[in-house]
Amino acid sequence: MENVIIIGTGPAGYTAAIYASRADLNPLILTGTQPGGQLTTTTDVENFPGFPEGISGPELMIQMQQQAEKFGTRVEFGRVDAVTKEADGTFTLKVGEKDVQTKAVIICSGASARYLGLPGEDELTSGGHGLTACATCDGAFYRDVPVCVIGGGDSACEEATFLTKFASKVYLIVRRDELRASKIMAQRAINHEKIEVIWNSGIKEYVTNEKGDIRAVQLIDTKTGDESELEVEGVFMAIGHTPNSAFLNGLVETDDQGYILQKQGTRTSVEGIYAAGDISDTEYRQ
Ligand code: NDP
């Protein structure tokens, strides 16, 4: 019987692990299928306090792991497929073939940015080749070059507006002839002198240079099927996120998208289950 199992090894998971292990709870943390989480797919992190020179995402996650292990956290590779609440108030976690018992669970399984599912996306997102889903994280790397944002929701408008601080030009590529975004955010984007909205368009493929970096996107008109090339060095995906909560199968109360609802701090609707990080944060995603 474990005291506490932490699900997920992004910054929220390791922060929980550092605190739980320093409190002598001897926590077990399960990595998920992508140990280190979303930050392992980014290059330089310049906005994490305490690292004035910046630090690479993977290196930051290794340091968080070492900090948690220093106080006795046990890190195990494993993906949780199901969580069941037992009659005595404890929990059973199904981890592959294994069942693990615990008194408490901290869910830090995060959210995954949606991508278009086009060829090459895995290579382009790892190692800073021009495809990302986080303007806050990566926008500053695209100074004085043209970029595009895909999507027409609040995130797309917000990211496009934010990117105007850096990029020479921001194209907002929208698959329909209207934006889903709230009126005020949409107007702010549409009226911005550096932003050009390209309506009824989608990306057909990413065009790369000899180094494998994006140099353009091949656009396709969703109404006529006409194709054209648009020169950009950065592509920012803003077509929504999927919270990684499906494995809970309704055990914990979520909003209609699947983000876990927090009650009083990090508590959830189920006593003994806590949530932290992107799995319960639709606003900052940081
Ligand atoms: P949304 O689901 O609101 O918007 C997704 C956008 O991406 C839509 O324009 C959608 O187009 C488009 N899209 C989806 N799939 C594809 C695809 N395959 N190809 C091209 N385009 C695609 O997600 P957001 O992340 O923008 O917002 C999530 C929630 O967070 C919303 O409730 C939003 O209001 C909120 N939010 C609030 C902010 C704020 O208030 N500051 C900032 C950011 C988000 P279509 O419309 O055609 O479906």
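It should be emphasised that the depicted structure is a prediction, and the values quoted were computed from it without experimental measurement.

### Quick word on the overall build of the protein chain
Within the protein chain one finds 6 helices and 19 strands. In summary, the protein chain has a C-alpha radius of gyration of 21 Å against a globular reference of 19 Å for 286 residues, a match within 12%. Principal axes of the C-alpha set define a box for the protein chain whose edges measure 60 × 40 × 35 Å. The proportion of buried residues among the 286 residues of the protein chain is 45%.

### Brief notes about the packing of aromatic side chains
All told, the structure shown has 3 aromatic pairs when counted by the stated rule. With centroids separated by 6.1 Å and ring planes inclined at 45°, the aromatic side chains of Phe 48 and Phe 51 adopt a geometry described as tilted. Between Phe 162 and Phe 166 the ring centres are 5.5 Å apart and the planes differ by 70°, which places this aromatic pair in the edge-to-face class. A residue is classified by how much of its surface remains accessible, and Phe 162, at 27% relative accessible area, is partly exposed. A relative accessible area of 12% means that Phe 166 is categorised as buried.

### Some remarks on the state of the cysteines
Enumeration over the complete set of coordinates arrives at 1 disulfide. Free of any disulfide, Cys 148 has its nearest neighbouring cysteine sulfur in Cys 157, separated by 14 Å.

### Things to note about the nonpolar core
With 22 residues, the main nonpolar core has Val 147, Val 149, Val 170 and Leu 172 as its most contacted residues. Broken down by secondary-structure element, the contributors of at least two residues to this core are β11 (146-150), α5 (154-163), β12 (169-173), α6 (183-190) and β13 (195-198). Residue contributions to this core peak at 4 residues, all from α5. When sequence neighbours within four positions are dropped, the list of residues in contact with Val 147 reads Tyr 142, Leu 163, Ala 167, Lys 169, Val 170, Tyr 171, Val 232, Gly 234 and Phe 236. Membership of the second largest hydrophobic core comes to 20 residues, among which are Leu 28, Val 95, Val 270 and Ala 275.

### A closer look at the side chain of Thr 9
In this fold, Thr 9 is placed in the loop between β1 (2-7) and α1 (11-22). Overall, Thr 9 belongs to the buried group, its relative accessible area being 2%. A polar side-chain atom of Thr 9 sits 3.0 Å from the main-chain amide nitrogen of Gly 36. Every residue in contact with Thr 9, bar those within four places of it in the chain, is listed here: Tyr 14, Ile 29, Leu 30, Thr 31, Gln 34, Pro 35, Gly 36, Gly 37 and Met 61.

### Here's the deal with the site of the ligand
Neighbouring residues of the ligand: 15 residues in total, closest Gly 152, Asp 154, Ser 155, Arg 176 and Arg 180. Side-chain polar atom of Ser 155 to an oxygen atom of the ligand: 2.6 Å apart, as the coordinates give it. Take Arg 176: an N or O atom from its side chain is 2.7 Å from an oxygen atom of the ligand. Considering the ligand on its own, with 920 Å² of exposed area, one finds that the protein chains cover 68% of that surface.

### Considering the sheet that holds β12
Taken in spatial order, the 5 strands line up as β10-β17-β11-β12-β13 in an open sheet, and their pairing is parallel. Looking at the sheet topology across the chains shown, the edges are occupied by β10 (131-132) and β13. Sheet topology note: the β12/β13 ladder contains 4 bridges and is parallel. Bridging across to β13, Ile 173 finds its partner in Ile 198.

### Brief notes about the environment of Glu 229
Secondary-structure assignment places Glu 229 in strand β16 (residues 227-231). When the C-alpha positions of Glu 229 and Arg 188 are compared, they lie 26 Å apart, and in sequence the two are 41 residues distant. Excluding its chain neighbours within four sequence positions, the residues that come into contact with Glu 229 are Val 207, Arg 215, Ala 216, Val 217 and Gln 218. In terms of polar contacts, Glu 229 uses its side chain to reach the side chain of Arg 215, at 3.2 Å.

### Side note on the packing of α5 against α6
Relative orientation of the contacting elements α5 and α6 amounts to 35°, with a least axis distance of 9 Å. Relative to α6, the crossing made by α5 is left-handed. In this structure, α5 contributes Asp 154, Cys 157, Glu 158 and Thr 161 to the contact, and α6 contributes Met 185, Ala 186, Arg 188 and Ala 189. Looking at the contact of α5 with α6, its residues break down into 4 nonpolar, 1 polar and 3 charged.

Cut-off values and rules
- Residues numbered from 1 in each chain as written.
- Predicted model: local features only at pLDDT ≥ 70, side-chain atom pairs only at ≥ 80, totals over all residues.
- Heavy atoms only, no water.
- Helix = DSSP H or I, 4+ residues; strand = E, 2+ residues; numbered from the N terminus.
- Rg over C-alpha atoms; globule rule 2.2 N^0.38 Å.
- Buried < 20%, exposed > 50% of the residue type's maximum accessible area, 1.4 Å probe, protein only.
- Phe/Tyr/Trp six-rings, centres within 6.5 Å; stacked < 30°, edge-to-face > 60°.
- Disulfide = S-S within 2.5 Å.
- Core = buried A, V, L, I, M, F, W, Y, C linked by side-chain atoms within 4.5 Å.
- Contact = heavy atoms within 4.5 Å.
- Polar contact = N/O pair within 3.5 Å; in protein donor to acceptor, adjacent residues only side chain to side chain.
- Near = heavy atom within 4 Å.
- Areas by Shrake-Rupley, 256 points an atom, 1.4 Å probe, with all protein chains shown as cover.
- Pairing = 2+ DSSP bridges.
- Axes fitted to C-alpha atoms, helices over the stretch in contact; angles between N-to-C directions.
- Left-handed = near helix turned anticlockwise from the far one by under 90°.
- Nonpolar A, V, L, I, M, F, W, Y, C, P; charged D, E, K, R; others polar.

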